[in-house]
Amino acid sequence: MIPILLIAGNFVRENRWPLITLLAYVAVFGGGVAFLGNPSLEDTTFLLRSVGVYGLAFTALLAASGINNDRRTRRMLAVLAKGIHRGQYLAGLLLGTMLGAVIYGLVVGLVGSLTLARYSRSPGKLWELVGVLLASFLLTATVSLFFSTFLHPLIATAAAALTLGAMALGGRLLGGPWTNILPTYALADAMVSFSLHGWHAPWTACGWAIVQAVVFGGLTTVVFSRRDIAVAVE
Amino acid sequence: MSSVLQYDQITKQYGGFMRPAVTALEDFSLAVHRGEIFGFLGPNGAGKTTAIHLAMGFVRATRGTGNMLDRPFGHAPTRRRVGFLAENVALYHRPAARLLRFYGALNGMRDPQLARATRDILETLELTDVADRNIGKFSRGMLQRIGLAQALVNDPELLILDEPTSALDPLGRVAVRELLLRARHAGKTIFLSSHLLSEIELICDRVGILHRGRLARMGRTSDLLESSEQCEVVARGVPASSFPQASSMTEDGLVRFTVARSAQRAEIERVWSLGGEIVRVNPVKRSLEDIFVELTSVPSALGSRLSGKAANDQRPTTND
């Protein structure tokens, strides 16, 4: 477990500037609009939905670039020369991505809670949305990481988007239990339709998202364990 | 003698899917014995780095098997007992001491052992003064030293070093050479790939020369350097003119000349027949460079199949 934590911490440190920039955007822009402007409740919920989408894009790109960056810079060699399994390395990258995602979710939740406090509204639904976002981030990160084991990060991100999109389409078309089993449609719908009234978090779909993240994590380990990772000196 | 690193008829090909396959190693067999410093030589693109990456588990063999410390290549827990330095050191940009702690901890080391090992290795490699400086600000020589430090911090049984002194100044090279000799004295095994033939000649017990994916020559360094084909004869009391091949006649009347081993007996008898006296007969010493050039300037059968430079250019990991 310690190697995974070390790699995760290092991954967050390596990606601290994009993460800080995104957090600053949420904190400064979101906070600024909420406290200096006079947004309506609808504007606030729209902002909360949009930062969710930013978070998804950020998570996908972050997860997809981890392997490629370490490989291109040859830093991967010194790490995988140590007594760790490739699965531990991948788990470290995924945990690092999710640490960034959790920090992002917390900042969204805090800024949103402070904004809602101005309207004397309970932030309970908002924190449920943060939970849904984190489940979505996890699935997105795992699928992106899977494709990044054999594709360029940008292509991997596109492939992840296509896969998740296909799952959403399948869930929508098949309906019934498939809406939860192929959870992306349910998660996306929950994000887009978020409101403080009459909105319910799709927890079953979140559970399936976590299950699928585990499956994709396993697949990622299998594929990456069979890959040659050395690259030529630049 | 037990082997700590063993390649058994390993072939490694790159490409193959939508690209022509390129053979980096073919039927490569080698055994590195415990407690020795093994010099691994070869021209650029010979397959040295591929061989090292196979041992570390970075790439997988197309055919054949290999063992490192009695475990198959790629066995993760075994790598805790190995120190590895890649050519062109690439490490995360963090303060030197923290970086060493990071890599040591990845190898399962914990405080206080890790703190002590970090302090000791920084001191040994004269990096104590820059322990808190981010390595992103290091010179190339300092980077190479921190690279060596991360390879040594876990006190490994086996050291696999790819060009460990290429960026060092002469003093740095001497320091690393002494460090490696001390490591051997402490019972460590060192597998050393280098282009610095003089370094190899000075410290390696055995040498293997790789050429176009095949082991062209292997043996004890002293045996390789000793020519089996020629010897130097030093005689006294004979005119130098009697021996056209004589290189010089010294002030004390000594005549030196080099003869083929096959003609050695006849030449000695000629010295005697001329009333001279043999002072000594020694095998001619060659430099590793001579042997290296001799072996690697002749294309091997495999090399001719690979169509020379084109093959080298396509090979992804042959950065040696």
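Anything mentioned here points back to the structure above.
Residues numbered from 1 in each chain as written. Chains lettered and ligands numbered in written order. Predicted model: local features only at pLDDT ≥ 70, side-chain atom pairs only at ≥ 80, totals over all residues.

Asker: Looking at this structure, I do not really get the packing of helix H5 (residues 86-118) of chain A against helix H10 (residues 203-225) of chain A. What am I missing?
Answerer: Helix packing geometry: the angle between the two helix axes and the distance between the axes. All names here are of chain A. At their nearest, the axes of H5 and H10 sit 9 Å apart, and the two run at 130° to each other. When the interaxial angle is binned, H5 and H10 end up oblique. The handedness of the crossing between H5 and H10 is right-handed. Across from Arg86, Gly87, Leu90 and Leu94 in H5, the residues of H10 making contact are Gly217, Thr220, Thr221, Phe224 and Ser225. Across the contact of H5 with H10, the residue classes break down as three nonpolar, five polar and one charged. (Axes fitted to C-alpha atoms, helices over the stretch in contact; angles between N-to-C directions. Helix = DSSP H or I, 4+ residues; strand = E, 2+ residues; numbered from the N terminus. Parallel < 35°, antiparallel > 145°, perpendicular 65-115°, else oblique. Left-handed = near helix turned anticlockwise from the far one by under 90°. Contact = placed C-beta atoms within 7 Å. Nonpolar A, V, L, I, M, F, W, Y, C, P; charged D, E, K, R; others polar.)

Asker: What's the story with the packing of helix H3 (residues 41-72) of chain A against H5(A) in this structure? I'm lost.
Answerer: Residues and elements named next belong to chain A. At their nearest, the axes of H3 and H5 sit 10 Å apart, and the two run at 165° to each other. Relative to H5, H3 is oriented roughly antiparallel. At the point where H3 passes H5, the crossing takes the right-handed sense. Here Thr44, Leu48, Val51, Gly55, Thr59, Leu62, Ala63, Gly66 and Ile67 of H3 come into contact with H5, specifically with Leu93, Leu94, Thr97, Gly100, Ala101, Tyr104, Val108, Gly112 and Thr115.

Asker: Would you take a moment to explain unusual backbone geometry for this structure?
Answerer: Generally, phi is negative for residues other than glycine and the peptide bonds are trans, each holding for most cases. Residues and elements named next belong to chain B. Cis rather than trans, the peptide bond between Asp111 and Pro112 has omega equal to 5°. Within the secondary structure, Pro112 sits in the loop between helix H2 (96-106) and helix H3 (113-124). Even without glycine at this site, Asp27 takes up a positive phi of about 45°. Within the element layout of this structure, Asp27 appears in strand S2 (residues 22-33). Unusually for a residue other than glycine, Asn88 sits at a positive phi of about 55°. Mapped onto the fold, Asn88 is located in the loop between strand S6 (82-85) and H2.

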